[in-house]
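The primary structure of each chain is shown beneath.
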Amino acid sequence: MYTPYDISVIICAYTEERWLDLTELIISIERQTITPLEIIVVIDNNPSMFERVQREISGVVVVANEGLRGASSARNAGVKAAQGRLLIFLDDDALIPPNSNWLLQHCTPYEDQSILGIGGATDPLWETQQPWWFPGEFNWVVGASYIGMPENIAPVRNVWSCNMSIRREAFDAINGFRTGFGKVGKRSSPEDTDLCIRALQNQPDGKWLFHPFARVLHKVPASRSTWRYFTWRCYNEGLGKAHLASLVGTEDGTTSERNHMFHTIPRGVARGLLDILRGDWRGIGRSAAIMTGLGLATVGYLVGMFEIMNANRTVQKEAA
């Protein structure tokens, strides 16, 4: 098991609009039952925010990502500055619940030497009330754990970087997050899934664990509670998964998604229809949202594959 002296917690931030979120997160880490070796705050291409963190937040290591803009490059910059043997990543709009053993929960399973990394559960913390039509099967739209994920500690293909830990040696073995692929602004590319798949490809006998008790909250602003955001995010998720599949292979890149589509999604639609029979008219909205989200994600995936095929043809023509 790792000790507190082995742990580097890395938070990436890029906008002062989340300043209060960032400070709340740091306080919630400092209130854990164990104290990490260091808390690293990486500021992504924002010099004024970098200076503000240095000036106003004590007890953290501040790092500037001056390379490519985006989550992948920023997290790599944080790891480069880290001293710990266990790396834990958090989003700047996450929050650790009070009286939580979150940090300890991340540490203890590593007694099993085959574990590459761990992903904790993430609960949505809605700024406004959760939309009546929003289905739990699509909580991933707002960066939260969704219906269909394991309810107990279990191996999974990938975890999410909003609440994940990884052994330093596993991270270094694949050169970290893929630079140039990942979240930049509102663009959605699953750099965390890519990292997990590459780690498994590099060490086939290794495993990732989903740990539902290493729990954090993920703030959901009102702007992400709309139908417009839901549909946009579903489409872009499909688009990003197409580009992921082109990098790591279709089999590895879509295994979990196919299982979700063929098992969890049909059960979600049926659950919504049964809710109507029980007198809950909101069930029709949830079923409709599931079908709409699935359709848009599928369209996004097909558009992404078309873009990749066209790009490959262009490269071939130029090389001929």
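What you see is a predicted model; the values in this text were computed from it and never measured. (Residues numbered from 1 in each chain as written. Predicted model: local features only at pLDDT ≥ 70, side-chain atom pairs only at ≥ 80, totals over all residues. Heavy atoms only, no water.)

A. Geometry of the overall build of the protein chain. Helix and strand content of the protein chain: nine helices and nine strands. Against the compact-globule benchmark of 20 Å for 320 residues, the protein chain has a radius of gyration of 20 Å, which places it among compact chains. Counting only C-alpha atoms, the protein chain reaches 60 × 55 × 40 Å along its principal axes. Burial analysis of the protein chain (320 residues in total) assigns 53% to the buried set. A separation threshold of at least 6 residues defines the contact pool for the protein chain, and within that pool the share at least 24 residues apart is 76%. Summing over all exposed atoms, the protein chain offers an accessible surface of approximately 15100 Å²; the carbon and sulfur share of this is 55%. Between the centroid of the 31 positive side chains of the protein chain and the centroid of its 34 negative side chains there is a distance of 5 Å. (Helix = DSSP H or I, 4+ residues; strand = E, 2+ residues; numbered from the N terminus. Rg over C-alpha atoms; globule rule 2.2 N^0.38 Å. Buried < 20%, exposed > 50% of the residue type's maximum accessible area, 1.4 Å probe, protein only. Contact = heavy atoms within 4.5 Å. Areas by Shrake-Rupley, 256 points an atom, 1.4 Å probe, with all protein chains shown as cover. Lys, Arg positive; Asp, Glu negative; His and termini not counted. Charge placed at Lys NZ, Arg CZ, Asp CG, Glu CD.)

B. Expanded view of the environment of Thr255. Tracing the backbone through its elements, the reader meets Thr255 in helix H8 (residues 250-277). Each C-alpha atom, one on Thr255 and one on Ala319, is 33 Å from the other, the two residues being 64 residues apart in sequence. At 2.4 Å, the side chain of Thr255 forms a polar contact with the backbone oxygen of Glu251. (Polar contact = N/O pair within 3.5 Å; in protein donor to acceptor, adjacent residues only side chain to side chain.)

C. Representation of the nonpolar core. Within the largest apolar cluster, 32 residues are counted, with the highest numbers of intra-cluster contacts made by Leu22, Val53 and Leu90. For this core, the elements supplying multiple residues, two or more each, are strand E1 (7-13), helix H1 (19-30), strand E2 (38-44), helix H2 (47-56), strand E4 (86-91), helix H4 (102-107), strand E6 (115-126) and strand E9 (207-220). Here this core takes five residues from H1, the largest share from any one element. Residues contacting Leu22, with those up to four places away along its chain left out, are Ile11, Ala13, Val41, Met49, Val53, Ile57 and Asp92. (Core = buried A, V, L, I, M, F, W, Y, C linked by side-chain atoms within 4.5 Å.)

D. The arrangement of the state of the cysteines in detail. Enumeration over the complete set of coordinates arrives at zero disulfides. Unpaired in terms of disulfides, Cys12 finds its nearest cysteine sulfur in Cys162, a separation of 12 Å. We classify Cys12 as buried; its relative accessible area is 15%. Not engaged in a disulfide, the cysteine Cys162 finds its nearest cysteine sulfur in Cys196; these two sulfurs lie 11 Å apart. (Disulfide = S-S within 2.5 Å.)

E. Focus on the packing of helix H7 (residues 227-248) against helix H9 (residues 282-319). Look at H7 against H9: their axes get within 7 Å of each other, and the N-to-C directions meet at 40 degrees. For the element pair H7 / H9, the angle class is oblique. Where H7 crosses over H9, the handedness of that crossing is right-handed. A per-class count over the contact of H7 with H9 returns 15 nonpolar, eight polar and two charged. (Axes fitted to C-alpha atoms, helices over the stretch in contact; angles between N-to-C directions. Parallel < 35°, antiparallel > 145°, perpendicular 65-115°, else oblique. Left-handed = near helix turned anticlockwise from the far one by under 90°. Nonpolar A, V, L, I, M, F, W, Y, C, P; charged D, E, K, R; others polar.)

F. A look at the pattern of salt bridges. Following the criterion strictly, the structure yields 25 salt bridges and no others. Note that Arg75 is salt-bridged to Asp91, the shortest N-O span being 3.6 Å. Note that Arg75 is positioned in helix H3 (residues 71-81) and Asp91 in strand E4, a separation of 16 residues in sequence. Neither Arg75 nor Asp91 differs from the other in exposure class; each is buried. Here Asp194 and Arg178 are joined by a salt bridge, their closest N and O atoms 2.9 Å apart. Here Asp194 is found in helix H6 (residues 191-202), whereas its partner Arg178 is found in the loop between helix H5 (168-173) and H6, with 16 residues between them in sequence. Asp194 sits in the buried class, given a relative accessible area of 0%. (Salt bridge = Lys/Arg side-chain N within 4 Å of Asp/Glu carboxyl O.)

G. Summary view of H6. Between its first and last C-alpha, H6 extends 16 Å over twelve residues, near the 16 Å set by a 1.5 Å rise per residue. Counting buried positions along H6 yields nine of twelve residues, so the element is predominantly enclosed. Where H6 is concerned, the buried positions are Glu191, Asp192, Thr193, Asp194, Leu195, Cys196, Ile197, Arg198 and Ala199. (Expected span 1.5 Å × (residues − 1).)

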